[in-house]
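# What the coordinates show
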Amino acid sequence: MKKLIICAIMLAAGVSSYAQQALFGGANAKSPEINADKTVTFRFVAPKAISVKVTGDFLPTRKVEVPNFGSMEMPGQADLVEKDGVWEYTTPTPVAPEMYTYSFIVDGQTMVDPNNVYMNRDVSTVSNLLYVDGNEVVDLYKVQDVPHGTVSKIWYHSAKENMDRRLTVYTPAGYETSGKKYPVLYLLHGIGGDEEAWYTQGRSTQILDNLIAQGKAKPMIVVMTNGNISMEAAPGEGSEGLTVPTMGLPKTMEGTFETDFPEIISFIDKTFRTQANKKGRAIAGLSMGGFHSLHISKQYPDKFNYVGLFSAAIGVTDPKISPIYGDFDKKLDILFSKKNRPALFYIACGNTDFLFKANSDFRAQLDAKGYPYKYYETDGGHIWRNWRKYLADFTPRIFK
């Protein structure tokens, strides 16, 4: 009997030890490690690997030919060096303060860093997050000791599509008790994204919390839509189940989202305390969301007093696809007429973005007509690092 009790204790201890190892012993190398001089060291334990690389937007970009898009900038790669089964790479120079994403390529297979639990999904790609502190921009992306707004996942019924669809809605600190009416920013994602993109990758709620607390931005409601009309919600969040995320979704840039958009405005105005007029509305978006913002604003020139195009996909669709895209010049003239002209028409783009020329050509068109706009150009390409900056620059300019 005594032996049985001892065995049981030993077995329980073994199980407990195994469970604790699973819970607390997963990390076996410090990665990433931000050094005192702001260089960053990455480590990956793989004694049997032949090659380990790190790739991420903290590295110099490389040109890659992408079908249907041409030459695009992609994150660079760097080789790790192995010693005693641990592969290691340290950046040769300090990494500029920013929020980055990265992953490893082990013998040709892309995988996340097993020693970093902080991850990000961008369409169907999962990567790790890396923060390098050191400036006010990065501070905007973090949760600071300031009053915080509320983020809600709200479902609405689309009568036109005969389906329920989901929105992410940010209400500023104090909304629940103030009794006030607030202006609304409609914030749109890029192709392959969804209503969670700006909330997760774009750090929109942290940016708004911090800018509002600093008195740089007006308290506002932010509505983050799902621009893929064929979807109810983000992948895994709708009745279709755990589908594989893809950029090849129907009903994205063929006019349906723009046609149906007044439904969203009506729902928001009925559900929240909004300033339900043109002066109280702004619309902005990145890439496909910039495309949507442009066409929605010119289709409904009496709806939005502030328009933001972040690396907008301008001129990438055939006007024959939908009446929404037809009569572009005429609708643009109506939008910029004395009666309808927005208080702010904002264009931002990276100087190595594959859409830089399209945005430059559009600006030339506005210049030729004498239509006013605010332009913000940054280094870099079609990346979240730029879009977060554009949001932080755009929001203090609206609802003045």
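You'll find the structure just up there.
Here's what I pulled together on the structure shown here.

What counts, and at which threshold
- The written sequence of each chain sets the order in which its residues are numbered from 1.
- The predicted origin of the model limits local features to residues at a pLDDT of at least 70 and limits the giving and counting of side-chain atom pairs to 80 or more, whereas totals for whole chains, interfaces and linings rest on all residues.
- Each side-chain value is worked out from all heavy atoms of the structure, with water and hydrogens disregarded.
- Here, strands pair whenever DSSP counts at least two bridges between them.
- Starting at the N terminus, helices and strands are each numbered in turn, a helix being any DSSP run of H or I of at least four residues and a strand any DSSP run of E of at least two.
- A pairing counts as a salt bridge when a side-chain nitrogen of Lys or Arg comes within 4 Å of a carboxyl oxygen of Asp or Glu.
- Polar contacts, as counted here, are pairs of nitrogen or oxygen atoms within 3.5 Å of one another; within protein the pair requires one atom able to donate a hydrogen and one able to accept it, and residues that are adjacent in sequence qualify only if both atoms are side-chain atoms.
- Whether two residues are in contact is decided by their heavy atoms: any pair within 4.5 Å suffices.
- Interaxial angle, 0 to 180 degrees, is taken between N-to-C directions of lines fitted to C-alpha atoms, where a helix line uses only the stretch in contact.

Further remarks concern the sheet that holds strand 8 (residues 86-90). Read across the sheet, four strands follow the order 1-2-8-7 without closing on themselves; strand pairing throughout is antiparallel. Of all strands in the sheet, those bounded by a partner on one side alone are strand 1 (33-34) and strand 7 (81-83). Sheet topology places strand 7 next to strand 8; three bridges connect them, and they run antiparallel. Within strand 8, the position partnered with K83 by the bridge is V86.

Further remarks concern the pattern of salt bridges. With the rule as written, the count across this model stands at 15 salt bridges. One salt-bridge network, in which partners are shared between bridges, spans K153, R166, E195, E196 and E237.

This brings us to the side chain of D393. Summarising the element assignment, D393 is placed in helix 10 (residues 384-394). Within the structure, the side chain of D393 is placed 2.7 Å from the side chain of Y346, a separation counted as a polar contact. Contact partners of D393, with chain neighbours within four places excluded, come to Y346 and Y376.

Residue placement: F104 occurs in strand 9 (residues 98-106). When the C-alpha positions of F104 and P219 are compared, they lie 40 Å apart, and in sequence the two are 115 residues distant.

Taken in spatial order, the eight strands make up an open sheet running 13-14-16-15-17-18-19-20, and their pairing is mixed. One side of each edge strand has no neighbouring strand; the edge strands of this open sheet are strand 13 (150-158) and strand 20 (374-378). Averaged over neighbouring strand pairs, the angle between their axes works out to 20° when direction is ignored. Sheet contacts for helix 5 (residues 204-213): strand 13, strand 14 (163-171), strand 15 (184-188) and strand 16 (221-224); angle to strand 14, the most-contacted strand, approximately 30°. Seen against the sheet, helix 9 (residues 356-369) touches strand 18 (306-310), strand 19 (344-350) and strand 20 and runs at an angle of roughly 150° to strand 19.

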